[in-house]
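Residue-level structural notes
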Amino acid sequence: MLQTFSTQQWNEHFPDSAQQLAIQSLENGRLLFFPKLAFPLSPEEQQFLSPEFADPHAKNISYQSESNKLWGVRNLTDSQHQQLKSMLNRFSQNAFSLIKEILPHYARQLILARTSYRPVQISGRVTSYRKDDKRLHIDAFPSAPNQGKRILRIFCNINPHEQDRVWRTGESFDKVANRFIPQIQKPIRGSATLLRLLKITKSYRTLYDHYMLQIHDRMKADNDYQKNADQREVRFPPGATWIVQTDDVSHAAMQGQYVLEQTFYLPVKAMQDESKSPLRILEKMLNQKLV
């Protein structure tokens, strides 16, 4: 599952051969793994290596660089609020620098989404099955339809206690879709318009978003699938970074604390091979346009 690169710098230049290997690996459902690419914290930022600043009612601490908005936090002074924003903004910039160097084919068309910080130990978190990221799933967002765009994410383990981030990865997207699509009904006529009017969704929920969200929910709800699906453990040590398209790679985060993450959206037309995208796979399977 892992295609490993030895870089230790976020802005290191990669030769054409490495760039081609990276894009082919990513589009074929592999993870790009950088075991020595750390994100060092300044002395002032070390204070945020604590779960006490995370709002227990929020899934993660989140930051949107375009609006300079931070949420999912508590117990922060004004000074700490600015310091945490600065830390997350710096990680966002580093993540984009990495993409520009190793995936330049993508960089020009990437859409910057939120940055998140996950300081809470995931193994002890209790939540509903839909929100439980310890269960195998592909990413799809109920309130934020992405209308066919790819979900490209960069993670970095900044754990100071030598604790790995432990994932499970599952079967390929086409196998997941072949299992669950026959169980899924078409959406009720007019439901997407109503969801938008009621502001339940931030944009129009396309047929693609409907099917992806249903696959996400059915994967997590199916206990037999969670137990018996083809899967393997992947461990990411402290100081490691990895890139993955989480709408395609079936994954579950089992253990770990103190992880940074940057999300990007990528139009399908920016891919080197569109046929590898969940959108094109589902359209071929269902024999209809979904966006």
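Here's a quick rundown of the structure. (Residues numbered from 1 in each chain as written. Predicted model: local features only at pLDDT ≥ 70, side-chain atom pairs only at ≥ 80, totals over all residues. Heavy atoms only, no water.)

So, on to the packing of aromatic side chains. Across all of its chains, the model carries 14 aromatic pairs by this definition. Measuring from ring centre to ring centre gives 6.0 Å for phenylalanine 5 and phenylalanine 14, while their planes differ by 90°; the resulting arrangement is edge-to-face. Here the two residues phenylalanine 5 and phenylalanine 14 agree in accessibility, since each one is buried. Measuring from ring centre to ring centre gives 5.4 Å for phenylalanine 39 and phenylalanine 91, while their planes differ by 85°; the resulting arrangement is edge-to-face. On the criterion of sequence distance, the pair formed by phenylalanine 39 in the loop between β2 (31-34) and β3 (61-64) and phenylalanine 91 in helix α2 (residues 78-102) is long-range, its members being 52 residues apart. Grouping residues by exposure puts phenylalanine 39 and phenylalanine 91 together as buried. Above the ring of tryptophan 71, the side-chain terminus of lysine 69 is found at 5.2 Å from the ring centroid. (Phe/Tyr/Trp six-rings, centres within 6.5 Å; stacked < 30°, edge-to-face > 60°. Buried < 20%, exposed > 50% of the residue type's maximum accessible area, 1.4 Å probe, protein only. Helix = DSSP H or I, 4+ residues; strand = E, 2+ residues; numbered from the N terminus. Lys NZ or Arg CZ within 6 Å of the ring centre and 35° of its normal.)

Within the secondary structure, histidine 251 is located in strand β10 (residues 251-255). At 2.8 Å, the side chain of histidine 251 and the backbone oxygen of valine 249 are in polar contact. Once you skip the residues sitting within four places of it in the chain, histidine 251 turns out to touch Arg135, Leu136, His137, Asp139, Trp167, Arg168, Thr169 and Thr246. (Polar contact = N/O pair within 3.5 Å; in protein donor to acceptor, adjacent residues only side chain to side chain. Contact = heavy atoms within 4.5 Å.)

It is at 11 Å that the axes of helix α6 (residues 207-221) and helix α8 (residues 278-286) come closest, and there the two elements cross at 95°. One way to sum up the angle between α6 and α8 is to call them roughly perpendicular. Contacts from Tyr208, Tyr211, Met212 and Ile215 of α6 reach α8 at Pro278, Leu279, Leu282 and Leu286. (Axes fitted to C-alpha atoms, helices over the stretch in contact; angles between N-to-C directions. Parallel < 35°, antiparallel > 145°, perpendicular 65-115°, else oblique.)

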